[in-house]
Amino acid sequence: MQRLGDRVQVSVQLIDTESGAHVWADRFETDRRNLVEAQSEITGRLARTLNLELVQAVGRKIEQERAVDPDARDLVMRGWRCTSGR
């Protein structure tokens, strides 16, 4: 976070703790009086960005482990349906 007069610039990064891989980053600039709104924008954008990726990652993990649990596969398929807007 960096304050520039009445403006605040926030740099945000998300790192996968298991692999150390860089997952997401963005920079936000807002009026310092609107920090609560900026926080909502940051978390909303992060959630939208990661929504599909998280569902895909779970699906890949299930396939790799050759899961025999049909309930897990069903949940992944339901997640795909929700993220594709169907």
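Residues numbered from 1 in each chain as written. Predicted model: local features only at pLDDT ≥ 70, side-chain atom pairs only at ≥ 80, totals over all residues. Heavy atoms only, no water.

J.: It is not clear to me how the overall build of the protein chain should be interpreted in this structure. Could you clarify?
T.: Of regular secondary structure, the protein chain possesses 2 helices and 3 strands. Ordered by position from N to C terminus, the α and β elements of the protein chain give β-β-β-α-α. Residues counted as buried form 19% of the 86 residues belonging to the protein chain. Taking the intrachain contacts of the protein chain between residues at least 6 apart in sequence as the baseline, contacts between residues at least 24 apart amount to 31%. Approximately 6,900 Å² of the protein chain is accessible, and the part contributed by carbon and sulfur atoms is 50%. (Helix = DSSP H or I, 4+ residues; strand = E, 2+ residues; numbered from the N terminus. Buried < 20%, exposed > 50% of the residue type's maximum accessible area, 1.4 Å probe, protein only. Contact = heavy atoms within 4.5 Å. Areas by Shrake-Rupley, 256 points an atom, 1.4 Å probe, with all protein chains shown as cover.)

J.: What exactly am I supposed to notice about the nonpolar core here?
T.: In summary, soluble globular proteins display a tendency toward joint burial of nonpolar side chains. Within the largest apolar cluster, 6 residues are counted, these being V8, V10, V12, W24, F28 and I42. Elements with a minimum of two residues in this core: strand 2 (7-15) and strand 3 (22-31). A total of 3 residues in this core trace back to one element, the largest contributor, which is strand 2. Not counting residues up to four positions away in its chain, the partners in contact with V8 are M1, Q2, R3, F28, E29, T30, R32 and L35. (Core = buried A, V, L, I, M, F, W, Y, C linked by side-chain atoms within 4.5 Å.)

J.: Looking at this structure, how should I read the pattern of salt bridges?
T.: Within this structure, the stated rule accounts for 5 salt bridges. For D26, the salt bridge goes to R45, with nearest N and O atoms at 2.7 Å. Placement of the pair is D26 in strand 3 and R45 in helix 1 (residues 35-65), with a sequence separation of 19 residues. Residue classification places D26 among the partly exposed positions, given a relative accessible area of 25%. Residue D31 is joined to R33 by a salt bridge in which the shortest nitrogen-to-oxygen separation is 2.8 Å. (Salt bridge = Lys/Arg side-chain N within 4 Å of Asp/Glu carboxyl O.)

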